[in-house]
Amino acid sequence: SDSDLNFLFGYMYFQRKNYAQAAAYLTSAASQRPHNSRALTLLGRTELAQEHYPAARSVLERAVLADEDNWLPHNLLADAYLQQKDYGKARDEAQIALAKGQKDGKTIASPAKLVLGQALIGLGFDQAAIQTFEIFLKDSPQNPMVYQVQSLVAELKKRNHTSESD
């Protein structure tokens, strides 16, 4: 019946990838303390992991309201919008995440660039997406997504070169 204990159990089950059990504990934590941004954010991540995108969007919108200065719920909300093909909102939230994810002049919200780039593609702004992905590659050379992003950039450049020569 304790919100903090429910959060900790939710976190433990999330780490074990038992998302259904994590969601149960995190839902309880969030209902006991409706403005608990940590519980709401982790519940949103849990819903994203289960591909429950409308539920993730709903919870993450609450997390953003509870802690609007934290970049992470904005980034996760951008991903939820992206998964639902709401590219405009995905772009907007990713940009907010990037703006709020600055620390000592460095971006700690680098994953938001991936969502932003994908949203830009969805909106038909391939050149802006390429620029966004290239900044990501420059800023995050050790990220495990580097090879996939490089392939995507090459594909976008090829597609744009082909369409320009038509």
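Above this note sits the structure.
Only a predicted model underlies this, so the values are computations on that prediction, with no experimental measurement involved.

Draft legend 1. Representation of unusual backbone geometry within the structure. Backbone geometry at Glu51 places phi at a positive 60°, although glycine is not the residue there. Looking at the element boundaries, Glu51 is found in the loop between helix H3 (37-49) and helix H4 (53-66). Since its relative accessible area comes to 56%, Glu51 is described here as exposed. Positive phi, close to 60°, is recorded for Lys85, a residue that is not glycine. Among the structural elements, Lys85 can be located in the loop between helix H5 (71-83) and helix H6 (87-100).

Draft legend 2. View of the side chain of Ser110. Position of Ser110 among the secondary structure elements: in the loop between strand S2 (106-107) and helix H7 (111-122). A relative accessible area of 11% means that Ser110 is categorised as buried. The residues touching Ser110, leaving out its near neighbours within four places in the chain, are Phe136 and Ser140.

Draft legend 3. Seen up close, the nonpolar core. Judged by nonpolar contacts, the single largest core of 32 residues is most densely connected at Leu48, Leu60, Phe133, Leu137, Val149 and Val153. Among the secondary structure elements, those contributing two or more residues to this core are H4, H5, H6, H7, helix H8 (126-139) and helix H9 (146-165). Sort the elements by how many residues they give to this core and H5 lands first, with seven residues.

Draft legend 4. Expanded view of the pattern of salt bridges. Applying the stated criterion to the full structure yields seven salt bridges. One salt bridge connects Asp69 with Lys100, and the closest N-O pair in it is separated by 3.4 Å. Pair noted here: Asp69 is in the loop between H4 and H5 and Lys100 is in helix H6, with a separation of 31 residues, a long-range link. Residues Arg91 and Asp92 are paired through a salt bridge, measuring 3.2 Å at the closest nitrogen-oxygen approach. Arg91 sits in the partly exposed class, given a relative accessible area of 24%. Judged by relative accessible area, which is 35%, Asp92 ranks as partly exposed.

Draft legend 5. Inspection of the packing of aromatic side chains at higher detail. Evaluation of the coordinates by the stated rule reveals four aromatic pairs. Plain terms: the ring middles of Tyr13 and Tyr25 are 5.7 Å apart, the flat faces sit at 5° to each other, and that makes the pair stacked. Of this pair, Tyr13 sits in helix H1 (residues 3-15) while Tyr25 sits in helix H2 (residues 19-32), placing them twelve residues apart in sequence. Here a set of aromatic residues connected by ring pairs shows up, and it is made of Phe9, Tyr13 and Tyr25. Its end group placed over the ring of Phe7, Arg38 keeps NZ or CZ at 4.3 Å from the ring centre.

Draft legend 6. Structural detail: the packing of H6 against H7. Across the interface, H6 lies against H7 with an axial gap of 8 Å and an inter-helix angle of 150°. If you check the angle between H6 and H7, you find them roughly antiparallel. Pair H6 / H7 crosses with left-handed handedness. Seen from H6, the contacting residues are Tyr87, Ala90, Arg91, Ala94, Gln95, Ala97 and Leu98; seen from H7, they are Ala112, Lys113, Val115, Leu116, Ala119, Leu120 and Gly122. Its residues assigned to classes, the contact of H6 with H7 comprises ten nonpolar, two polar and two charged.

Cut-offs and rules
Residues numbered from 1 in each chain as written. Predicted model: local features only at pLDDT ≥ 70, side-chain atom pairs only at ≥ 80, totals over all residues. Heavy atoms only, no water. Helix = DSSP H or I, 4+ residues; strand = E, 2+ residues; numbered from the N terminus. Buried < 20%, exposed > 50% of the residue type's maximum accessible area, 1.4 Å probe, protein only. Contact = heavy atoms within 4.5 Å. Core = buried A, V, L, I, M, F, W, Y, C linked by side-chain atoms within 4.5 Å. Salt bridge = Lys/Arg side-chain N within 4 Å of Asp/Glu carboxyl O. Phe/Tyr/Trp six-rings, centres within 6.5 Å; stacked < 30°, edge-to-face > 60°. Lys NZ or Arg CZ within 6 Å of the ring centre and 35° of its normal. Axes fitted to C-alpha atoms, helices over the stretch in contact; angles between N-to-C directions. Parallel < 35°, antiparallel > 145°, perpendicular 65-115°, else oblique. Left-handed = near helix turned anticlockwise from the far one by under 90°. Nonpolar A, V, L, I, M, F, W, Y, C, P; charged D, E, K, R; others polar.

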